[in-house]
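Residues per chain are reported as follows:
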Amino acid sequence: MSIELEDMLTRLRLTTICGRLETLLDEATRQDMTLRETLHFLCSEELITKNAQRIKMSLKMAKFPCDRTLEQFDFSAQPTIDHKQINDLSLCRWVAHGDSMLLLGPPGVGKTHLAIALGREAILRGYSALFTTATSLMTTLAGGHRRGNLDKELAYYSKPKLLIIDEMGYLPFEPSAAHLFFQLVSRRYEKGSILITGNRPVGEWDQVFGDGVVATAILDRLLHHSHVITIKGESYRLKEKKRSGILQTKVNKEQ
Ligand code: ADP
Ligand code: MG
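Residues numbered from 1 in each chain as written. Chains lettered and ligands numbered in written order. Predicted model: local features only at pLDDT ≥ 70, side-chain atom pairs only at ≥ 80, totals over all residues. Heavy atoms only, no water.

Topic: the confidence of the model for the protein chain
Caution applies to low-pLDDT regions: their predicted coordinates should not be interpreted in detail. Of all residues in the protein chain, 96% attain a pLDDT of 70 or more, and the chain-wide mean is 92. Contacts from residues 250–255, a stretch scored under 50 in pLDDT, to residues over four places away or in other chains number 0 contacts. (pLDDT = per-residue confidence, 0-100. Contact = heavy atoms within 4.5 Å.)

Shown next, in the form of structure tokens:
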């Protein structure tokens, strides 16, 4: 029994080749491709669409609160950030190794922006990512614990190669939540990366977690293979406002 070419392509899930077969073969003929070149051309077209679909799906699953890229980040506005270091981190070797990253600093200095942008870079390089806030993470873990299905929630947050936890330290946790967080960090340890943004230095994390012993155990794992970036500076938005204020004064003077 002979199977139609289109049926075989569909069964092999080569949907791009199948859907554009005539056009692609015409193109190959026009360019006088050898059989080997034609096969290469068809496979690369299939891979290009598969990769674009994967990126689209991964960006959706990452649940970023907004779109932010490294290209949009104005490094000159934040001189304490080492542009070269961020460029190096954007290559995502740290994600491949399962290292952690802490982005610390006061509000408005671009921590969430950089976290999303680096998460995006990870997705472009083939990794999965998930964005959550610390409060939402703790609420979900505590809910799971209460309902007796903590394991399901831990599995959800353990799955992506990169887990981004935004705004650690803005609200202190219940001591029981610290234990749940410790379980998550232990599960991911040396397997998946965690990127945490926060406004408090790690020295104050015993207050954040409300338990010095658990905080030490968490930090011990997080800091073992880690990149800690501390941003010192003024809020970008405030700076923008001030700049427009200065411009306003100048305009007024010139009038
Ligand atoms: P944080 O998380 O540190 O409080 P955000 O990342 O939320 O700060 O930054 C606040 C806003 O300012 C965001 O819209 C962000 O895109 C923008 N922003 C902050 N820093 C920069 C920067 N250096 N270049 C461009 N936009 C920035
Ligand atoms: Mg933020």
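Brief notes about the layout of surface pockets
A water-sized probe rolled over the atoms picks out the places where empty space is left. Of the pockets and cavities examined, the largest pocket occupies roughly 550 Å³. Looking at the largest pocket, it is lined by 21 residues, and the ones nearest its centre are Gly 108, Gly 110, Thr 112, His 113 and Arg 237. Elements represented by at least two residues in the lining of the largest pocket include exactly helix H7 (111–124), strand S3 (162–168) and helix H13 (236–254). No other element matches the 4 residues that H7 contributes to the lining of the largest pocket. (1 Å grid on protein atoms, 1.4 Å probe; cavity = no way out; pocket = protein on both sides within 12 Å on 5 of 7 lines; lining within 4 Å. Points joined across faces, edges and corners; volume = space filled by probe spheres on them. Helix = DSSP H or I, 4+ residues; strand = E, 2+ residues; numbered from the N terminus.)

With respect to the site of ligand 1
Taken together, 14 residues are adjacent to ligand 1, and Arg 68, Asp 74, Gly 108, Thr 112 and His 113 come closest. At 3.2 Å, a backbone N or O of Val 109 approaches an oxygen atom of ligand 1. In isolation ligand 1 exposes 560 Å². Once the protein is present, 85% of that is buried. Cavity membership is defined here by more than half of the atoms lying within 2 Å of grid points; on that basis ligand 1 lies in the largest pocket. Secondary-structure elements contributing two or more residues to the shell around ligand 1 are H7 and H13. (Near = heavy atom within 4 Å. Polar contact = N/O pair within 3.5 Å; in protein donor to acceptor, adjacent residues only side chain to side chain. Areas by Shrake-Rupley, 256 points an atom, 1.4 Å probe, with all protein chains shown as cover. Sits in = over half its atoms within 2 Å of the grid points.)

Observations concerning the pattern of salt bridges
Close approach of charged atoms allows side chains of opposite charge to pair. All told, the structure shown has 10 salt bridges when counted by the stated rule. Close ionic contact of Lys 152 with Glu 153 constitutes a salt bridge, the shortest N to O distance being 4.0 Å. Under the relative-accessibility criterion, Lys 152 is labelled exposed at 54%. Judged by relative accessible area, Glu 153 falls into the buried class, the value being 9%. Put simply, Asp 220 and Arg 221 hold a salt bridge, and the shortest N to O gap is 4.0 Å. If you follow the salt bridges from partner to partner, you end up with Arg 147, Lys 152 and Glu 153 in one network. (Salt bridge = Lys/Arg side-chain N within 4 Å of Asp/Glu carboxyl O. Buried < 20%, exposed > 50% of the residue type's maximum accessible area, 1.4 Å probe, protein only.)

Description of empty space enclosed by the protein
This model, assessed by the stated rule, comprises 1 cavity of 30 Å³ or more. Roughly 80 Å³ of volume is contained in the largest cavity. When contributions to the lining of the largest cavity are tallied by element, the ones reaching two or more residues are helix H10 (175–188) and helix H12 (212–224). A total of 3 residues in the lining of the largest cavity trace back to one element, the largest contributor, which is H12.

A word on a nonpolar patch on the surface
Taken together, Ile 3, Leu 5 and Met 8 make up a surface patch of nonpolar side chains, about 240 Å² in accessible area. Along the polypeptide, Leu 5 turns up in helix H1 (residues 5–11). (Patch = residues over 30% accessible without salt bridge, like charges linked within 9 Å, V, L, I, M, F, W, Y side chains within 5 Å.)

Quick notes on the packing of aromatic side chains
Taken as a whole and judged by the stated rule, the model has 6 aromatic pairs. Arranged with centres 5.0 Å apart and planes meeting at 70°, the rings of Tyr 156 and Tyr 157 form a pair that is edge-to-face. Residue classification places Tyr 157 among the buried positions, given a relative accessible area of 5%. Judged by centre distance (5.5 Å) and plane angle (40°), the ring pair of Phe 173 and Phe 209 falls under tilted. (Phe/Tyr/Trp six-rings, centres within 6.5 Å; stacked < 30°, edge-to-face > 60°.)

Focus: the packing of helix H4 (residues 35–62) against H7
Closest axis-to-axis distance for the H4/H7 pair is 9 Å, and the angle between their directions is 145°. For the pair H4 and H7, the crossing hand works out as right-handed. Along its contact with H4, which presents Arg 54, Ile 55, Ser 58, Leu 59 and Ala 62, the element H7 presents Arg 120, Ile 123 and Leu 124. Of the residues that constitute the contact of H4 with H7, the class distribution is 5 nonpolar, 1 polar and 2 charged. (Axes fitted to C-alpha atoms, helices over the stretch in contact; angles between N-to-C directions. Left-handed = near helix turned anticlockwise from the far one by under 90°. Nonpolar A, V, L, I, M, F, W, Y, C, P; charged D, E, K, R; others polar.)

What to know about the pairing of S3
Within a regular strand, the side chains alternate between the two sheet faces. Most of S3 is tucked away: 6 of the 7 residues are buried. The pairing of strand S2 (residues 129–133) with S3 spans 5 bridges and is classified as parallel. Each bridged residue has a counterpart across the sheet, and for Phe 131 the counterpart in S3 is Ile 164. Inspection of the sheet shows S3 paired to strand S4 (residues 193–198) by 5 bridges, in the parallel sense. Counted as the bridge partner of Met 168 is Gly 198 from S4. In this view, the connection linking S3 to its parallel neighbour S4 by way of H10 has right-handed handedness. (Pairing = 2+ DSSP bridges. Right-handed = clockwise from strand over helix to strand, strands pointing away.)

Concerning the state of the cysteines
Chemically, a disulfide is nothing more than a covalent bond linking the sulfur atoms of two cysteines. If you walk through the whole model with that rule in mind, you get 0 disulfides. Its sulfur unpaired, Cys 66 is 18 Å from the next cysteine sulfur, which belongs to Cys 92. Cys 66 sits in the partly exposed class, given a relative accessible area of 29%. (Disulfide = S-S within 2.5 Å.)

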